[in-house]
Amino acid sequence: MKNRPYIFLLSALGSLTLFAAEIVEESSSWPFTWTITDHSLVTSAKDPGDPTLPASNVLAHQTVLGAELGSFSTSLAFSNRFSQTGDPSQNKPILLDKKTLSGEWENWEIRLGDSHQEFGRGIALALFNNPVFGVDNTLEGGSFKYRDSVIEVSAFGGKVNALQAPVAINPVDTLMQAREVRLLGGALSGNLTGQTKITAHYHLTESQPDGKPINKKYKTVGMSFESRDLISGVETYLESNFMDWEASTSSKKPLTKKPRAYASFASMSYSDLAFKTKLEFKDYRNFFYDFQRPPTLEEEFVLATNNSDVTAGRLGMEGRFGEERTTVLGASYLTGQDRELDAPIYHPLVFSKFKLGSGIDLELKGGYRWMPEKNNLVHASLKTKVKTQKGQYVELELRRQNLNQAITSPIPIREERNVARVTYTFSEKFNLGVGYEHMPTNIAELGNHFVNGSATYTTSWLTARAFMGQTSGGTQCSSGVCRQVPPYTGAYLETTLTF
């Protein structure tokens, strides 16, 4: 029976729940705690492709229930979504997104249900949560981990579970439409010294479209090494992976073996000099895998979509000066080869942070990125923070970017972006902001001027964000993940309550 694994999982969850209930009766001294997190989003937005259409109104909502009893914890996540777009398939009355039951002791950790899994720096595998883009990919199945002072062993198995109704303004395609992805893997780590560790990891991935045979199969093996104490002042991280994979272009054709893929990353920093020096290197070759977030070495405003077939290195230096070491001077230089575009990459950058008097902080940054005969980008930014009264301050951010693409084609593409934002913080709980964007290179139908306002209110149990106005879209980054988002015209209120 196709549902037999889930019946077994539910039975196991029920058994562990009864076991936990029996423990409560036997030992009332164990602490019991519970939490409720409610995340809601109400938005009304115009269609960026056709502003003449009526605004679409969306209500997205997720509630997470959690409880802890001694070494055991459990959580359930429910969501719903209603949209006035005329398409009833977009409405999700109620969904059970995530369910987890776990036990954690001094040396052991066991999880049933949904869990996040990641190897190393996310090159070989990364199932993670990013609420800004509505991403919460988990492994629905089971995992265990054993650790002591010398070794750590972990293993997991199940299928990838993605959100069906994410609570986000710009939800990202989860790559899970009309298919099932199964994962099996594990890792073994050994502590060579107090702060030096070597790890080996492996995972098998199978992708199967609904009602069709398996169309992709991946086998990935990798090792990593990290150390902070082999040499005084030196931190090192090394990781290398290779992947054998097969794919089929049609349900009627067998799997065909693809060229072996490789992905490596290295980072070394030395901090015992006036300038802290950091050297990073990446080499990804034909590493086409959906569930990863490898280091890009790029600045957040650069949308580097090629994380599969590229080689690059970056050297950075940063120094702190002054009595309180609040003056920062730094620079970096990135160079490499993008094999998808068949072009070299160059990107020098300089930055500085310093204080003016006792109440003004300044941050300056600028650089130039270019790929000969392909594209170039000039960027500069200024941020300042000025204290006004006790607990109050005003922040100003100015950014300018000039991007030229397809520069050798008959019709080159030019984008000029100018951004200004002012935020006034009245207290640690409340702030107001006003933003303005000028896009002189846009065609008239897309608009050249974008004005918006925002407010944030935060307490120990409530976070509320309100927005009204327009944005020009472009690159948006959060926690190392960057996406190209569309323009936005409308208003939204987002709240998160935690009890």
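Residues numbered from 1 in each chain as written. Predicted model: local features only at pLDDT ≥ 70, side-chain atom pairs only at ≥ 80, totals over all residues. Heavy atoms only, no water.

Draft legend 1. Expanded view of the overall build of the chain. Helix and strand counts for the chain stand at 1 helix and 31 strands. Compactness check: the chain gives a C-alpha radius of gyration of 25 Å against a globular reference of 23 Å for 499 residues, within 12% of the reference. If one aligns the C-alpha atoms of the chain with their principal axes, the spans along those axes are about 65 × 60 × 55 Å. Out of the 499 residues in the chain, the part that is buried amounts to 38%. In the chain, the share of contacts with a sequence separation of at least 24, taken over all contacts with a separation of at least 6, comes to 51%. Accessible surface, the chain as shown: approximately 27,600 Å² in total, 58% of it carbon and sulfur. Here the chain holds 51 positive side-chain charges and 53 negative ones, and the gap between their average locations is 3 Å. (Helix = DSSP H or I, 4+ residues; strand = E, 2+ residues; numbered from the N terminus. Rg over C-alpha atoms; globule rule 2.2 N^0.38 Å. Buried < 20%, exposed > 50% of the residue type's maximum accessible area, 1.4 Å probe, protein only. Contact = heavy atoms within 4.5 Å. Areas by Shrake-Rupley, 256 points an atom, 1.4 Å probe, with all protein chains shown as cover. Lys, Arg positive; Asp, Glu negative; His and termini not counted. Charge placed at Lys NZ, Arg CZ, Asp CG, Glu CD.)

Draft legend 2. Representation of the side chain of H203. Tracing the chain through its elements places H203 in strand β13 (residues 196-209). Accessibility expressed as a relative area gives 0% for H203, which makes it buried. A polar contact is formed between the side chain of H203 and the backbone oxygen of A124, at a distance of 3.1 Å. With residues near it in sequence (within four places) discarded, H203 still touches F119, A124, L125, L183, L184, G185, Y218, K219, T220 and Y289. (Polar contact = N/O pair within 3.5 Å; in protein donor to acceptor, adjacent residues only side chain to side chain.)

Draft legend 3. Structural context of the pattern of salt bridges. Applying the stated criterion across every chain, the model contains 28 salt bridges. In this structure, R369 engages E298 in a salt bridge whose closest nitrogen and oxygen atoms are separated by 2.7 Å. Taken together, the positions of R369 in strand β22 (residues 360-371) and E298 in the loop between β18 (275-285) and β19 (310-321) put the pair 71 residues apart, joining distant regions of the chain. Residue R369 shares its accessibility class with E298, and that shared class is buried. (Salt bridge = Lys/Arg side-chain N within 4 Å of Asp/Glu carboxyl O.)

Draft legend 4. Molecular detail of the packing of aromatic side chains. A full pass over the atoms with the stated rule returns 17 aromatic pairs. Considering the side-chain rings of F467 and Y488, the 6.0 Å spacing of their centres and the 65° angle between planes classify their relative orientation as edge-to-face. Taken together, the residues span a long stretch of sequence, with F467 in strand β28 (residues 462-471) and Y488 in strand β31 (residues 488-498) at a distance of 21 residues. Centroid distance Y488 to Y492: 6.1 Å. Interplanar angle 75°. Geometry classified as edge-to-face. Three or more aromatic residues joined by ring pairs make a cluster, and in this case those are Y218, W245, Y289 and F291. Over the face of the ring belonging to F128 we find R293, whose NZ or CZ atom lies 4.2 Å from the ring centre. When the ring centre of Y393 is taken as origin, the NZ or CZ atom of K385, which lies over that ring, is 4.1 Å away. (Phe/Tyr/Trp six-rings, centres within 6.5 Å; stacked < 30°, edge-to-face > 60°. Lys NZ or Arg CZ within 6 Å of the ring centre and 35° of its normal.)

Draft legend 5. Geometry of the pairing of strand β17 (residues 261-270). Note that strand β15 (residues 234-247) and β17 share 10 bridges and pair antiparallel. Across the sheet, residue L238 finds its bridge partner in β17, namely A266. Where β17 lies against β18, 9 bridges are found, and the strand directions are antiparallel. Residue S267 lies in a different strand from β18, and its bridge partner there is E280. Where β17 hands over to β18, the hairpin turn is made up of 4 residues, counted between the paired strands. (Pairing = 2+ DSSP bridges.)

Draft legend 6. Region of interest: the environment of T441. Among the structural elements, T441 can be located in the loop between β26 (430-438) and β27 (449-458). Overall, T441 belongs to the partly exposed group, its relative accessible area being 26%. Taking the C-alpha atoms as reference points, T441 and E246, separated by 195 residues in sequence, lie 44 Å from one another. With near-sequence residues (within four places) excluded, T441 lies in contact with R414, E415 and E416. One polar contact links the side chain of T441 to the main-chain amide nitrogen of E416, over a distance of 3.0 Å.

Draft legend 7. Spotlight on the nonpolar core. Counting 31 residues, the largest nonpolar core has L125, L127, V160, L183, M243, Y289 and F291 as its most contacted members. Counting residues per element, the ones that place at least two in this core are β11 (151-161), β12 (179-193), β15, β17 and β21 (343-356). At 4 residues, β15 tops the list of elements feeding residues into this core. Non-local contacts of Y289, meaning those with residues more than four positions away in its chain, are made with A124, L125, L183, H203, T205, Y218 and M243. In terms of nonpolar packing, the next biggest core, distinct from the first, is built from 7 residues, F128, V135, V172 and V481 among them. (Core = buried A, V, L, I, M, F, W, Y, C linked by side-chain atoms within 4.5 Å.)

Draft legend 8. Focus on unusual backbone geometry. For D342, which is not a glycine, the phi torsion comes out positive at approximately 55°. Relative to the helices and strands, D342 is located in the loop between β20 (327-338) and β21. With relative accessibility at 62%, the residue D342 sits in the exposed group.

Draft legend 9. Region of the structure containing the environment of N376. You can see N376 is positioned in strand β23 (residues 375-389). On the basis of relative accessibility, which here comes to 15%, the residue N376 falls in the buried class. Residues in contact with N376, not counting those within four places in the same chain, are Y368, R369, W370, N402, L403, N404 and I407. In terms of polar contacts, N376 uses its side chain to reach the side chain of N404, at 2.9 Å.

These results come straight from atomic positions and should not be treated as a statement about function.
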